[in-house]
Amino acid sequence: MIANASRTERADAHDIGDVAAYMTTLGQAARAAATQMRRASTSDKNRALLAMADHLARRRDEVLAANAADLVRGRETGLDTALLDRLALDEARFDAMIEGLHQVAGLPDPVGEIDGLRSRPSGIQVGQMRVPLGVIGIVYESRPNVTLEAASLCLKSGNACILRGGSEARDANAAIATCIREGLLEAGLPGAAVQVVATTDRAAVGHLISMPEYVDVIIPRGGKSLIERISREARVPVIKHLDGVCHVYVDATADFDKALAIAVNAKTQRYGTCNTMETLLLDAPVADTLLPKLAAAYAEHGVALRGCERTQAILGGIAAATEEDWHAEYLAPILAIRVVDGIEAAIEHIERYGSHHTDAIVTEHYGLARRFMAEVDSSSVMVNASTRFADGFEYGLGAEIGISTDKLHARGPVGLEGLTTRKYIVLGDGQVRQ
Ligand SMILES: NC(=O)C1=CN([C@@H]2O[C@H](COP(=O)(O)OP(=O)(O)OC[C@H]3O[C@@H](n4cnc5c(N)ncnc54)[C@H](OP(=O)(O)O)[C@@H]3O)[C@@H](O)[C@H]2O)C=CC1
Ligand SMILES: N[C@@H](CCC(=O)OP(=O)(O)O)C(=O)O
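About the cut-offs
- Each chain has its residues counted from 1, running along the sequence as written.
- Lettering of chains starts at A and numbering of ligands starts at 1, both following the order in which they are written.
- Restriction of local features to residues with pLDDT of at least 70 applies here, the model being predicted, together with a cutoff of 80 or more for giving and counting side-chain atom pairs; totals for whole chains, interfaces and linings are based on all residues.
- Hydrogens and waters are ignored; side-chain quantities use all the structure's heavy atoms.
- UniProt positions are given in the numbering used here, feature names are shortened, and annotations may be inferred rather than shown by experiment.
- Domain ranges listed in this record stem from an automatic or a database domain assignment.
- Here a residue-residue contact requires only that any non-hydrogen atoms of the pair lie within 4.5 Å.
- A simple way to read buried area is as the amount of 1.4 Å-probe accessible surface that goes missing from two parts once joined, with both sides added.
- Within this document, salt bridges are pairs made up of a side-chain nitrogen of Lys or Arg and a carboxyl oxygen of Asp or Glu, the two lying within 4 Å of each other.
- By the criterion applied in these results, polar contacts are pairs of N or O atoms within 3.5 Å in which, for protein atoms, one can donate a hydrogen and the other can accept it, and in which residues neighboring in sequence qualify only through two side-chain atoms.
- Asp, Glu, Lys and Arg are counted as charged, while Ala, Val, Leu, Ile, Met, Phe, Trp, Tyr, Cys and Pro are counted as nonpolar; the rest, among them Gly, fall into the polar class.
- Think of a nonpolar core as a cluster: buried Ala, Val, Leu, Ile, Met, Phe, Trp, Tyr and Cys residues, connected wherever their side-chain atoms sit within 4.5 Å.
- Exposed residues in this analysis have more than 50% of their type's maximum accessible area, buried residues have under 20%, and partly exposed residues fall in between, with area computed by a 1.4 Å probe over protein chains only.
- Only a single heavy atom is needed: when it lies within 4 Å of a molecule or strand, its residue is near that molecule or strand.
- Under the convention used here, a 1.4 Å probe and the Shrake-Rupley method define accessible areas, while residue burial counts only the protein chains that appear.
- Secondary structure elements are defined from DSSP: runs of H or I of at least 4 residues count as helices, runs of E of at least 2 residues count as strands, and each element is numbered from the N terminus.
- Take the residue count of a helix, subtract one, and multiply by 1.5 Å to get its expected span.
- Here the rule is simple: two strands pair whenever DSSP picks up at least two bridges between them.
- Note on geometry: axes are C-alpha line fits, over the in-contact stretch for helices, and angles between N-to-C directions span 0 to 180 degrees.

As annotated in an unreviewed UniProt entry, the protein carries the name Gamma-glutamyl phosphate reductase and comes from Billgrantia pellis. Under the Subcellular location (unreviewed entry) heading, UniProt states for the protein: "Cytoplasm". On record in UniProt, under Function (unreviewed entry), the comment for the protein is "Catalyzes the NADPH-dependent reduction of L-glutamate 5-phosphate into L-glutamate 5-semialdehyde and phosphate. The product spontaneously undergoes cyclization to form 1-pyrroline-5-carboxylate."

Draft legend 1. The arrangement of the domain arrangement of the protein in detail. Split by domain assignment, the protein resolves into domain 1 (19-242) and domain 2 (246-389). Domain 1 and domain 2 are separated by 34 Å when their C-alpha centres are compared. In this complex, domain 1 contributes four residues to the contact, which on the side of domain 2 involves six residues. Summing both sides of the interface, domain 1 and domain 2 together bury roughly 290 Å²; the carbon and sulfur share of this comes to 35%. At the surface where domain 1 touches domain 2, the tally comes to zero salt bridges. Linking domain 1 to domain 2 there are one residue pair in polar contact (both at pLDDT 80 or more). By residue class, the composition of the side of domain 1 that touches domain 2 is two nonpolar, no polar and two charged.

Draft legend 2. Just the nonpolar core, in detail. By size, the foremost hydrophobic cluster in this structure holds 74 residues, and its most contacted members are M23, L56, I138, L163, L184 and V215. Apart from residues lying up to four places away in sequence, L163 is in contact with I138, Y140, T147, A150, A151, V194, Q195, V196 and V197. Within the second largest apolar cluster, 39 residues are counted, among which are V248, L305, Y330 and M382.

Draft legend 3. Broad picture of the site of ligand 2. Taken together, 14 residues lie near ligand 2, and E141, R143, N275, D391 and E400 sit nearest. Between ligand 2 and G272, the relevant distance is 3.4 Å, taken from an oxygen atom to a main-chain nitrogen or oxygen of the residue. In the complex, 88% of the free accessible area of ligand 2, which totals 370 Å², lies under the protein chains. The class makeup of the residues in the shell around ligand 2 is three nonpolar, three polar and eight charged. Of the domains in this structure, domain 1 (19-242) and domain 2 (246-389) are the two that each give at least three residues to the shell around ligand 2.

Draft legend 4. A look at helix α2 (residues 42-58). Spanning 17 residues, α2 covers 24 Å between terminal C-alpha atoms, matching the ideal 24 Å at 1.5 Å per step. All of the buried residues along α2 are K45, N46, A48, L49, A51, M52, A53, H55 and L56. Turning to α2, the residues buried within the fold contact α1 (19-38), α3 (60-76), α5 (91-106), α6 (144-156) and α7 (170-186).

Draft legend 5. Fine view of the sheet that holds strand β1 (residues 114-119). With antiparallel pairing, three strands are arranged side by side in an open sheet as β1-β2-β16. A strand with exactly one partner marks an edge of an open sheet, and here the two such strands are β1 and β16 (420-427). The mean angle between the axes of side-by-side strands here comes to 20°, regardless of whether they run parallel or antiparallel. Bridge analysis of β1 against strand β2 (residues 125-132) gives four bridges, and the strand direction is antiparallel. Looking at the pairing, D115 lines up with Q128 of β2.

Draft legend 6. Quick peek at the UniProt feature "domain: Aldehyde dehydrogenase" (unreviewed entry) in the protein. In the UniProt entry, the feature "domain: Aldehyde dehydrogenase" (unreviewed entry) is given for residues 28-300. Each end of residues 28-300 is marked by a C-alpha atom, and these two atoms are 54 Å apart; helix forms 53% of the span and strand 16%.

Draft legend 7. Main features of the sheet that holds strand β10 (residues 319-320). With respect to topology, seven strands assemble into an open sheet ordered β10-β9-β11-β8-β7-β12-β13, the strand pairing being parallel. The open sheet terminates on both sides in strands that have one partner only, identified here as β10 and β13 (380-383). Pairing of strand β7 (residues 246-250) with strand β12 (residues 358-362) involves four bridges; the strand directions are parallel. The residue of β12 that forms the bridge with V248 is A360. Here helix α11 (residues 284-301) sits on the sheet in contact with β7, β8 (277-283), β9 (304-307) and β11 (334-340), set at roughly 145° to β8.

Draft legend 8. A look at unusual backbone geometry. The phi torsion at H356 lies on the positive side, around 60°, for a residue other than glycine. Mapped onto the elements of the fold, H356 is located in the loop between α14 (342-353) and β12. The class for H356 is partly exposed, based on a relative accessible area of 27%.

Rendered as structure tokens:
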């Protein structure tokens, strides 16, 4: 991701004094709220979600004005276009936030579901009940709509949460936090069930990830700097939602129309998301025919190409891809292209440079499709489909907190179930063990 000079360890206008003491207070309140949330009824949770939607609608001008202030600051500090776009709330995005709350209210509540209840020879019945994780800390990018999405999913799954959004979104996040709190209180739920960290001092992140007594799990959504800090300092279990260096590999047997459609969509449908393709791998036999067509399509979209020597020889006039490019998550209209000799080389490239997020093969060869699915070690592996499909809504989860690049607990798009766990329940009638 493009570095930004404004992102440092710092205090700011929302200085809350002693950060450690402040975070402890949030942690204690969250722990207490989690106890109440665990027993909250589905109807109370839904009432809170709908009340939040009403308060958001009522405070529309206030939230949009706060977002406008964030955008002014963002432009002054030189935020790039992609980050400004993610930060911006317009009328349509605002409506989508309200609609999102209604949608989450309409989702089935996973809490309390009992699976696999079976009788044992001893006479007891053993099953598993789905329950909330407890307190979830989420560190995420400067997108105010994510504040609401994270809050609503944590709430519906019966968790308390502490949300630490990107610093550039601080004013909108504070305004949205007010609506969330009003909704919770109106439904008789604890205001501390959703707390938005009111400082952009990154020291707060350091505390959040090292308070296992108050926080059960951390979900970090972000890039390299966040990854490094979490790996170094986290004392709380983590479900990483990290960068996407996603690939599309076009095999020699691919249907050209499918290859073109997928390669263009995976790069251009949205540039700034983690499931956007960053490197295109082409099997050598199709490179001569396909590359000029692809180059023309990318030119129409204004995508700058960087290629390996073989790609440069076919296309001419494009920049050379360096070692850095194969590792890059551009989140921008830039694409690295490499010509490879077969699936073995493609899988090797993905293993070496990818981030285990989402990778796709375009092929008409059943055996190669199966090999790619078995051997590529990513949270989503796709055959003849765009990487942009890696998304909770698209997968039918109803909603998404993000895309886990971890292997444990939840992998790939994470919905309500991913924010819960299952515990064993045992039903007896006075049985004792012999
Ligand atoms: N897998 C997934 O579901 C998702 C992944 N992403 C990934 O996120 C990245 C883009 O978002 P971007 O905003 O650039 O990400 P950043 O990593 O820059 O920021 C994300 C959050 O992490 C915080 N942060 C970053 N570094 C540190 C640090 N050293 N110490 C404490 N806090 C830190 C930021 O705080 P601050 O405001 O202070 O910078 C911000 O709140 C991409 O790599 C994208 O793929 C994004 C969304 C979902
Ligand atoms: N699942 C989402 C992408 C995940 C996400 O939220 O990423 P980002 O837009 O980078 O914050 C989508 O397909 O649009």
